[in-house]
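# Examination of the molecular architecture
Chain by chain, the residues:
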Amino acid sequence: MKIAVNTRFLIPDRLTDVGKFTHEVLRRLAVKYPEHEFYFLFDRAFDPQYIYSVNVKPVVVYPSVRHPVLYYWWYQVSLARALQKIKPDVFLSTDGMTTLNARVPRVTVMSDLVVEHFPQEVDYLSRKYLKNYNPRFAQISAKIITFSAFTRQEISRLYKINSGKIEVVAPAAGEEFRKIDFGRQVAVRQKYTNGEAYFISVGALQPRQNIANLFRAFDLFKEKTGSEVKLLIAGNNKLKSRGIKQVYKQMRFKSEVVFTDRVKDAELIELYGAAVAAVYVPLRADAGISVIEAQKCGCPVVAAATGALPEVAGAGALLVNPVAIEEISEALIQVYHDLEVRSRLVQAGFRNTEKFSWDKSAEKVMRLLEETVKTQATSRAHL
């Protein structure tokens, strides 16, 4: 087969969850299936590390999509022209968007529905584009891939799509995510929190991540316990939201909150490994790769009992109502004070991660690509 792929999210040291999915799946497919030709379509100069084998042919399609105004031009004009020239058997787009102007069958990864559930967090031009085009992308795609059964139901409901053409392909944690030894844990705590224990929250400081309620719950935890435990935030450290900024300013224990800014995976593994627990309480989550990564590092998890997180976390997390500050605080107290609870969560987390595998994810993506091409050939034969 000749497989074209939208790879514009493959950017060194800036891999989002979608970028990780794209990288982990494609590098497996390219190596395992040397008989297929892969055309990787970038929107800027590419890094050679993403050209995984000799059957990968990189193509730079301009202009670079660095502004919402260019969405239409890149996807509906430049990308369509590139596909017309390549003439692939199937086109895989991993960032939720695709072209409407091509005859090739399309498989589209729609990992989240932020624009539907949190439109205020999407800039005006992007919001207008996505609200208009997302339903059309969903309709025209032969297959849709998403990361959880929860999001599958949401896509079907919101875009009036038959759930039969939506497939769940769960992300996993990379092989590098693992426990670190005690000596390293001590060194990590010394580096980031002056040797004190800490909870870790990973992600951007956006309202949908429910950081304001986490700040409130941490303040309550400190008041109740009087402990020296800190809260470490690993992600973009700019408090852009007025609401989050206001809650932070009002915190009694804001000096106990440590911001690291965004960290690379090697650093993140150590931060998970030395933490008391990872706390992930978004108002709504379509996936939960951070939960799996934490569990694989032997880190207990406190997670929101909403969206996709219960199905992702399994028994390896204390589930809480993300709007119940007292409940989040009590979970922090429990996981901090009760060694038996921590041990149970760690062991259940290890077992849970065994359900997730990038190899299995890649195999499922290839099966969907093959099915799509076969269905297209059958349809043409009946014309």
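Everything numeric in this text was worked out from a predicted model, so none of it was measured.

Each value, and the rule that gives it
- Residues numbered from 1 in each chain as written.
- Predicted model: local features only at pLDDT ≥ 70, side-chain atom pairs only at ≥ 80, totals over all residues.
- Heavy atoms only, no water.
- 1 Å grid on protein atoms, 1.4 Å probe; cavity = no way out; pocket = protein on both sides within 12 Å on 5 of 7 lines; lining within 4 Å.
- Points joined across faces, edges and corners; volume = space filled by probe spheres on them.
- Helix = DSSP H or I, 4+ residues; strand = E, 2+ residues; numbered from the N terminus.
- Nonpolar A, V, L, I, M, F, W, Y, C, P; charged D, E, K, R; others polar.
- Buried < 20%, exposed > 50% of the residue type's maximum accessible area, 1.4 Å probe, protein only.
- Pairing = 2+ DSSP bridges.
- Right-handed = clockwise from strand over helix to strand, strands pointing away.
- Axes fitted to C-alpha atoms, helices over the stretch in contact; angles between N-to-C directions.
- Contact = heavy atoms within 4.5 Å.
- Parallel < 35°, antiparallel > 145°, perpendicular 65-115°, else oblique.

## Observations concerning empty space enclosed by the protein
Leftover empty space is mapped by rolling, across the atoms, a probe with the size of a water molecule. Here the structure, examined in full by the defined rule, presents 2 cavities of 30 Å³ or more. The space that makes up the largest cavity amounts to roughly 70 Å³. Taken together, the elements giving at least two residues each to the lining of the largest cavity come down to β8 (198-202), α7 (211-225) and β11 (277-280). In terms of residue class, the lining of the largest cavity is built from 8 nonpolar, 3 polar and no charged.

## A word on the pairing of strand β2 (residues 37-42)
Counting buried positions over the 6 residues of β2 gives 5, a clear majority of the element. Bridge count for strand β1 (residues 2-6) against β2 is 5 bridges, and the pairing is parallel. By the bridge assignment for β2, Ile3 is matched with Phe38. Crossover connection from β1 via helix α1 (residues 17-32) to parallel β2: handedness right-handed. As judged from the 5 bridges shared by β2 and strand β3 (residues 56-60), these two strands associate in the parallel manner. Along β3, the bridge assignment pairs Phe40 with Pro58.

## Comments concerning the sheet that holds strand β10 (residues 257-259)
Taken in spatial order, the 6 strands line up as β10-β9-β8-β11-β12-β13 in an open sheet, and their pairing is parallel. The sheet terminates laterally at β10 and β13 (318-320), the two strands that pair on one side only. On average, each strand axis in the sheet is inclined to that of its neighbour by 25°, with strand direction left out of account. With 3 bridges connecting them, strand β9 (residues 230-234) and β10 associate as parallel partners. The residue bridging Leu232 from the neighbouring strand is Val258, located in β10. Lying over the sheet, α7 contacts β8, β9, β10 and β11, oriented at roughly 160° with respect to β9. Of the strands in this sheet, β8, β11 and β12 (301-304) are in contact with helix α10 (residues 289-296), which crosses β12 at around 165°.

## Thoughts on the packing of α7 against helix α8 (residues 242-250)
For the pair α7 and α8, interaxial distance at closest approach is 9 Å and the crossing angle is 10°. Judged on the interaxial angle alone, α8 and α7 are roughly parallel. Contact residues: α7 offers Ile211, Ala212, Phe215, Arg216 and Asp219, while α8 offers Ile244, Val247, Tyr248 and Gln250. Its residues placed into classes, the contact of α7 with α8 shows 6 nonpolar, 1 polar and 2 charged.

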